[in-house]
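Architecture and fold: a report
So you can see what is in the structure, the chains are spelled out below.
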Amino acid sequence: MSTKVLTAPVARLWSRSFILIMVANALLFMVFEMMLPTLPLFVSKLGGGASQVGLVTGIFMFSAILIRPFTAKLAAKFDKKYLLLAGLAICALMTGAYYLSTGIGMILVFRVLHGLGFGLATTYFATLATANIPKERRGEGLGYFGVGETVAVSVGPLIGTAILMRYDFHNLFFGGAFILLLAVLMTVFISRTPQADTGKEAAQAESKIKLIERKVLFPSLLILLVGIAAGSIMSFIALYAAEKGFGSVAWFFFIVAAASFVVRLVSGKMFDRLGPGSVLVPSAFFMIAGIWLLTLAGSETLFLLSAVLYGLGFGAVFPAIQTWCVNLVEEHEHENAMASFFNFFDLGIGGGAMILGLVASAFSYELVYDVAIAVMVVYLLLYAGYAIQNRKKKV
């Protein structure tokens, strides 16, 4: 007589709401990336110089960072879905409003408001995505969730530049606003799950305005270091490629996105089964290898190969640390955890770009990437110390 072995059913990941959240989040980041290479040209058209361009960029990130500590408090009083819709609507309105700017002062006002909307939207997208992912598949789910962001980083600047070259700023800004309105429409059809509302009483009782969620301080420090290294690629790769005579920067970013997509098919599952270290350590080595190869690249082939290695590393480490932050807190603390995660990452990119810009001006782009490698070595040493300390506690 044969016996059947019963296995627990695999929790469902691909719900309608999760797909809508993933796509709408990708559209948000795509419009953000569309503005990165094109908005400085608009500032220049209004008579702004390099300092004004830096101010327009910096004030946006500062505004987004400023609002995120309030997201948990807001979520305790209002529905997260409505807060997300409000953030997206602000982003859409401000993107279209850029065309109405008649001077630098007006565009700065629009950037402050846009940054507030972006800070709200990015935080609530992450927390609602988490609420729609089975806990046992969280690493895998957040890995897929971040694929849209990765693709947006690659195609957004290309789309923005193409629109501007073929049409004008009017079409660029209103086209971006239309895309964001599509994201708003998708968000309307997101179904809230019971998981998204559990812990409401706890959230109302314990939610505080936190600049930093202490429970995720260590992984947030790691993403800060990753942000510094990533900022060296985002901010200076085009200038470095031009100095070296490489004409394939667009392909570089495309390959980074493709490699990130491929690695997330396996890295999330590794995180869920084996824990953070199984992803955080190998991904750092891949990032180091990619940046190191970039400093040695004497041909287009090596230049693009460095993109493969870097993409494999960054594509795995970002969602892994994000998932780790979520797992370290209770559900009603997800907003605080995500606020700390994104703020530390943004500070790493923004602050790192400023510091590395000084290094590039005084020395060379090669030294910029040497510093980025050193930063990732510090990342590995910190994680090794953390792992050893935790092991001692368990003994």
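Cut-offs applied
Residues numbered from 1 in each chain as written. Predicted model: local features only at pLDDT ≥ 70, side-chain atom pairs only at ≥ 80, totals over all residues. Heavy atoms only, no water. Helix = DSSP H or I, 4+ residues; strand = E, 2+ residues; numbered from the N terminus. Buried < 20%, exposed > 50% of the residue type's maximum accessible area, 1.4 Å probe, protein only. Contact = heavy atoms within 4.5 Å. Areas by Shrake-Rupley, 256 points an atom, 1.4 Å probe, with all protein chains shown as cover. Core = buried A, V, L, I, M, F, W, Y, C linked by side-chain atoms within 4.5 Å. Axes fitted to C-alpha atoms, helices over the stretch in contact; angles between N-to-C directions. Parallel < 35°, antiparallel > 145°, perpendicular 65-115°, else oblique. Left-handed = near helix turned anticlockwise from the far one by under 90°. Salt bridge = Lys/Arg side-chain N within 4 Å of Asp/Glu carboxyl O. pLDDT = per-residue confidence, 0-100. Patch = residues over 30% accessible without salt bridge, like charges linked within 9 Å, V, L, I, M, F, W, Y side chains within 5 Å. Phe/Tyr/Trp six-rings, centres within 6.5 Å; stacked < 30°, edge-to-face > 60°. Expected span 1.5 Å × (residues − 1).

1. Observations concerning the overall build of the chain
The helix and strand inventory of the chain stands at 16 helices and 0 strands. Looking at the chain as a whole, 54% of its 395 residues are labelled buried. A separation of at least 24 residues holds for 87% of the contacts in the chain among residues at least 6 apart in sequence. Within the structure as shown, the chain displays about 17,700 Å² of accessible surface, and the carbon and sulfur contribution to it stands at 71%.

2. Considering the nonpolar core
By size, the foremost hydrophobic cluster in this structure holds 121 residues, and its most contacted members are Val 226, Ile 237, Leu 280, Phe 314, Ile 321, Tyr 369 and Tyr 379. In terms of residue count, the dominant contributor to this core is helix α1 (residues 16–45) (16 residues). Those residues in contact with Tyr 369, other than ones at most four positions away along the chain, are Ser 232, Ile 233, Phe 236, Ile 237, Tyr 240, Ile 291, Leu 294 and Thr 295.

3. Here's the deal with the packing of helix α6 (residues 138–145) against helix α14 (residues 300–327)
At a minimum axis distance of 9 Å, the contact between α6 and α14 shows a crossing angle of 130°. In terms of orientation, α6 lies oblique with respect to α14. Regarding α6 and α14, the two cross each other, and that crossing is right-handed. Across the interface between the two elements, Arg 138, Gly 139, Leu 142 and Gly 143 from α6 touch Pro 319, Gln 322, Thr 323, Val 326 and Asn 327 from α14.

4. Concerning the environment of Phe 173
By the secondary structure assignment, Phe 173 is in helix α8 (residues 169–188). As for Phe 173 and Leu 39, which are separated by 134 residues in sequence, their C-alpha atoms are 9.4 Å apart. Apart from residues lying up to four places away in sequence, Phe 173 is in contact with Met 35, Leu 39, Phe 42, Thr 95, Gly 96, Tyr 98 and Tyr 99.

5. Some remarks on the pattern of salt bridges
Under the definition given, this model contains 3 salt bridges. We note a salt bridge from Arg 68 to Asp 346, for which the minimum N-O separation is 2.8 Å. On the criterion of sequence distance, the pair formed by Arg 68 in the loop between α2 (50–67) and α3 (71–77) and Asp 346 in helix α15 (residues 334–362) is long-range, its members being 278 residues apart. Across the pair, Asp 346 and Arg 68 agree in class, each one buried. Lys 244 serves as the salt-bridge partner of Glu 366, at 3.3 Å between the closest nitrogen and oxygen. Of this pair, Glu 366 sits in helix α16 (residues 365–394) while Lys 244 is found in helix α11 (residues 217–244), placing the two residues 122 residues apart along the sequence. For Lys 244, a relative accessible area of 32% gives the class partly exposed.

6. Things to note about the confidence of the model for the chain
Across the chain, pLDDT averages 84, with 90% of residues at or above 70. A low-confidence stretch, residues 194–199 stays under pLDDT 50, and its non-local contacts, those more than four residues away or across chains, total 11 contacts.

7. Description of a nonpolar patch on the surface
Judged by side-chain polarity, Phe 261, Val 262, Leu 265, Val 266, Met 270 and Leu 274 come together as a nonpolar surface patch covering roughly 530 Å² of accessible area. Mapped onto the fold, Leu 274 is located in helix α12 (residues 249–274). For Leu 274, a relative accessible area of 64% puts it in the exposed group.

8. A few points about the packing of aromatic side chains
Applying the stated rule across the entire model yields 26 aromatic pairs. For the ring pair Phe 32 and Phe 118, a centre distance of 4.9 Å and an interplane angle of 20° mean the geometry is stacked. Taken together, the positions of Phe 32 in helix α1 and Phe 118 in helix α5 (residues 104–131) put the pair 86 residues apart, joining distant regions of the chain. Comparing Phe 32 with Phe 118 shows no difference in burial state: the two are buried.

9. Structural notes on α15
With 29 residues, α15 extends 42 Å between its outermost C-alpha atoms, agreeing within 8% with the 42 Å of an ideal straight helix rising 1.5 Å per residue. Judged by how many residues are buried, α15 sits mostly within the fold: 21 of 29 residues are covered.

10. Quick word on the side chain of Thr 95
Relative to the elements of secondary structure, Thr 95 occurs in helix α4 (residues 80–97). If we skip the residues at most four places from it in the chain, Thr 95 touches Val 31, Met 35, His 114, Phe 173, Gly 176, Ala 177 and Leu 180.

11. Notes on the packing of α6 against α12
Packing of α6 against α12 leaves a shortest axis separation of 6 Å and a crossing angle of 155°. Considering the angle they form, α6 stands roughly antiparallel to α12. Classified by chirality, the crossing of α12 by α6 is right-handed. Counting all contacts with α6, which are made through Arg 138, Gly 139, Glu 140, Gly 143 and Tyr 144, the residues of α12 involved are Arg 264, Leu 265, Gly 268, Lys 269, Phe 271 and Asp 272.

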